[in-house]
Amino acid sequence: MGNSTERQGGVRLGCIADDFTGATDLANNLVRAGMRVVQTIGVPAAPLDTQVDAVVVALKSRTIAPEQAVAQSLAALQWLQEQGAEQIYFKYCSTFDSTPEGNIGPVTDALMQALGTDFTIATPAFPDNKRTVFKGYLFAGDVLLNESGMQDHPLTPMKDPNLVRVLQAQTQKKVGLVDYQTIAQGADAIRARFAALQAEGVGIAIVDALANADLVTLGAALQGMPLVTAGSGVAIGLPQNFGIAPDSQAAALPAAEGLQAVVSGSCSVATNQQVAAFIATGRPALAIDPLRIAEGADVRGEALAWARDKLAGGPVLVYSTAEPASVRAIQGRLGVEQAGAMVEQTIAGIARGLVELGVRQLVVAGGETSGACVQALQIAQMRIGAQIDPGVPWCHALSPAAPQGLHIALKSGNFGTPDFFTKAFSRL
Ligand SMILES: Nc1ncnc2c1ncn2[C@@H]1O[C@H](COP(=O)(O)OP(=O)(O)OP(=O)(O)O)[C@@H](O)[C@H]1O
Ligand SMILES: O=C(O)[C@@H](O)C(=O)CO
């Protein structure tokens, strides 16, 4: 896999992503910057069988127990090192999704120890998706993180926008800040600030960034740093360090065919808008009720029976997406983790069933939901194609349910314009 450009040399960038939509988001930015990229689902059992510039190992480690997240991330690191990766990139969410226990801090600590390095950076800045960091405070759009809707996230509610404070609560290392004034002075000033922070005993520096130009400047200062931790934004500034420039062939995928469907388990603000916009078009949309799943009803079977004769008419949507009050009520009845896992498994079963019915263009909304769907489809690797909206590319993958391959887009909860669920299909 990878893109068509033949470039000699081994894996430059070895990436570990803490969820599946985040992995495609990172891969998308690397492809746009000209890298040949393959995304693997989990840590592969075998060596890489293709020549690429970057590999993104997609884990589902954002909300699991910290010890498990560390163990999986270290396994990914070892495999990436065996593939010759020169620099390691730990990708987390642009809204810094984590719990007070982790997993951003514990995984960063463990990767630093394994790599024998005592300094790295942390910044979720992704200006293309309106995530900016100023004086260590994370903004989503025009508001601070804790006013953006992320305070109501079902699994990782983010109630503090100060990233120095948030990360300090999760890590053994001292956390410092490289603020915007330093970024504005250029790569040499950033490197000097890294050295000064290290002299003060800082192990992880939160970095401000307001615009893509800041990330490009930062990228130059990261040359040779063994470990980078970030959202996907920092990726736009790294390929240049390896002499790689944008390449229009990087995103070529096979021609699209087959039926079209969307499954959504994301309850994020943007997804709620996208579900409402899809319903407003009059296209078929079916809501999944978590309480009926808990009662043991055959929700999967009912959804597939509902979809069967509608698919020929164009895209259908199956969703559990709900507003925060409704999600809280469900969680109160079923428990947070149980509700999440049950809904994910049901939607994943529906996604698999839809592909068995002939869907070959599938949009999945939600990081955890995407993880469950990709696992249910037994997808091992994905090739990254053209961007639909910032952070969301179409991908192409093989599955036992679609041996000739299917196109799949994994949409992060808060990404995409309101018309994403119809627009996506017009981009293939
Ligand atoms: N109606 C619902 N009630 C309770 N939990 C739900 C409901 N619908 C979905 N969930 C659960 O909420 C979680 C949503 O997480 P998911 O990562 O899929 O979406 P997201 O957080 O919006 O996306 P991202 O991680 O990309 O930002 C999942 O565990 C899902 O199963
Ligand atoms: O960085 C982001 O916001 C996304 O790639 C993501 O990780 C959402 O799950």
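Residues numbered from 1 in each chain as written. Chains lettered and ligands numbered in written order. Predicted model: local features only at pLDDT ≥ 70, side-chain atom pairs only at ≥ 80, totals over all residues. Heavy atoms only, no water.

Asker: How should I be thinking about the nonpolar core in this particular structure?
Answerer: Nonpolar side chains in soluble globular proteins tend to end up buried together. Counting residues in hydrophobic clusters, the biggest one holds 115 residues, and the most contacted among them are L30, Y89, F194, L362 and I408. Sorting elements by how many residues they give to this core places helix α12 (residues 336-356) first, with seven residues. Of the domains in this structure, domain 1 (3-249) and domain 2 (253-426) are the two that each give at least three residues to this core. Residue contacts for I408: discarding those within four places in its chain leaves L362, V364, V374, L377, I379, M382, P393, W394 and C395. (Core = buried A, V, L, I, M, F, W, Y, C linked by side-chain atoms within 4.5 Å. Buried < 20%, exposed > 50% of the residue type's maximum accessible area, 1.4 Å probe, protein only. Helix = DSSP H or I, 4+ residues; strand = E, 2+ residues; numbered from the N terminus. Domains from an automatic or database assignment. Contact = heavy atoms within 4.5 Å.)

Asker: Even after reading the chapter, I still don't get the site of ligand 1, so can you show me in this structure?
Answerer: Taken together, the neighbourhood of ligand 1 is formed by 24 residues, with H153, S266, S268, E344 and T369 sitting nearest. The side chain of H153 places a nitrogen or oxygen atom 2.5 Å from an oxygen atom of ligand 1. Measuring from an oxygen atom of ligand 1, one finds a side-chain N or O atom of S268 at 2.5 Å. Considering ligand 1 on its own, with 640 Å² of exposed area, one finds that the protein chains cover 97% of that surface. Here the shell around ligand 1 is composed, by residue class, of eight nonpolar, 12 polar and four charged. Here the shell around ligand 1 gathers at least three residues from each of two domains, domain 1 (3-249) and domain 2 (253-426). (Near = heavy atom within 4 Å. Polar contact = N/O pair within 3.5 Å; in protein donor to acceptor, adjacent residues only side chain to side chain. Areas by Shrake-Rupley, 256 points an atom, 1.4 Å probe, with all protein chains shown as cover. Nonpolar A, V, L, I, M, F, W, Y, C, P; charged D, E, K, R; others polar.)

Asker: How should I be thinking about the packing of aromatic side chains in this particular structure?
Answerer: To describe a pair of aromatic rings, you give the distance between the ring centres and the angle between the ring planes. For the structure on display, the rule yields seven aromatic pairs. With a centroid separation of 5.2 Å and an interplanar angle of 55°, the aromatic rings of F119 and F194 are classed as tilted. Placement of F119 in the loop between α3 (104-115) and β5 (120-123) and of F194 in helix α6 (residues 187-199) is noted, with a sequence separation of 75 residues between them. The exposure class of F119 is buried, given its relative accessible area of 4%. Members of the aromatic cluster, each reached through a chain of ring pairs, are F90, Y92 and F96. (Phe/Tyr/Trp six-rings, centres within 6.5 Å; stacked < 30°, edge-to-face > 60°.)

Asker: Explanation requested: helix α13 (residues 367-376) in the structure shown.
Answerer: Burial of α13 is extensive: eight of the 10 residues sit out of reach of the surface. Three or more residues of α13 are buried, namely G367, E368, T369, S370, G371, A372, C373 and V374. Count one or two residues on from α13 and you reach Q378, which has phi positive near 50°.

Asker: I keep staring at the UniProt feature "domain: Four-carbon acid sugar kinase nucleotide binding" (unreviewed entry) in the protein chain and nothing clicks. Help me out?
Answerer: Per the UniProt entry, the sites bearing "domain: Four-carbon acid sugar kinase nucleotide binding" (unreviewed entry) are residues 261-421 in this numbering. Counting secondary structure, residues 261-421 comes out at 44% helix and 28% strand; the distance between its end C-alpha atoms is 9 Å. (UniProt positions renumbered as here; feature names shortened; annotations may be inferred.)

Asker: Whenever I open this one, the domain arrangement of the protein chain confuses me. Can you help?
Answerer: Buried accessible area, meaning the area lost when the parts come together, often serves as the stated size of an interface. For the protein chain, the assigned domains read domain 1 (3-249) and domain 2 (253-426). A C-alpha centroid distance of 26 Å is found between domain 1 and domain 2. Here domain 1 meets domain 2 over a buried area of about 2500 Å², counting both sides, of which 57% is carbon and sulfur. Counting across the domain 1 and domain 2 interface gives three salt bridges. For the pair domain 1 and domain 2, the interface holds 11 residue pairs in polar contact (both at pLDDT 80 or more). For the side of domain 1 that touches domain 2, the element with the most residues is helix α1 (residues 20-32), which contributes nine residues. Taken together, the residues of the side of domain 1 that touches domain 2 break down into nine nonpolar, 11 polar and nine charged. (Buried area = accessible area lost by both parts, 1.4 Å probe. Salt bridge = Lys/Arg side-chain N within 4 Å of Asp/Glu carboxyl O.)

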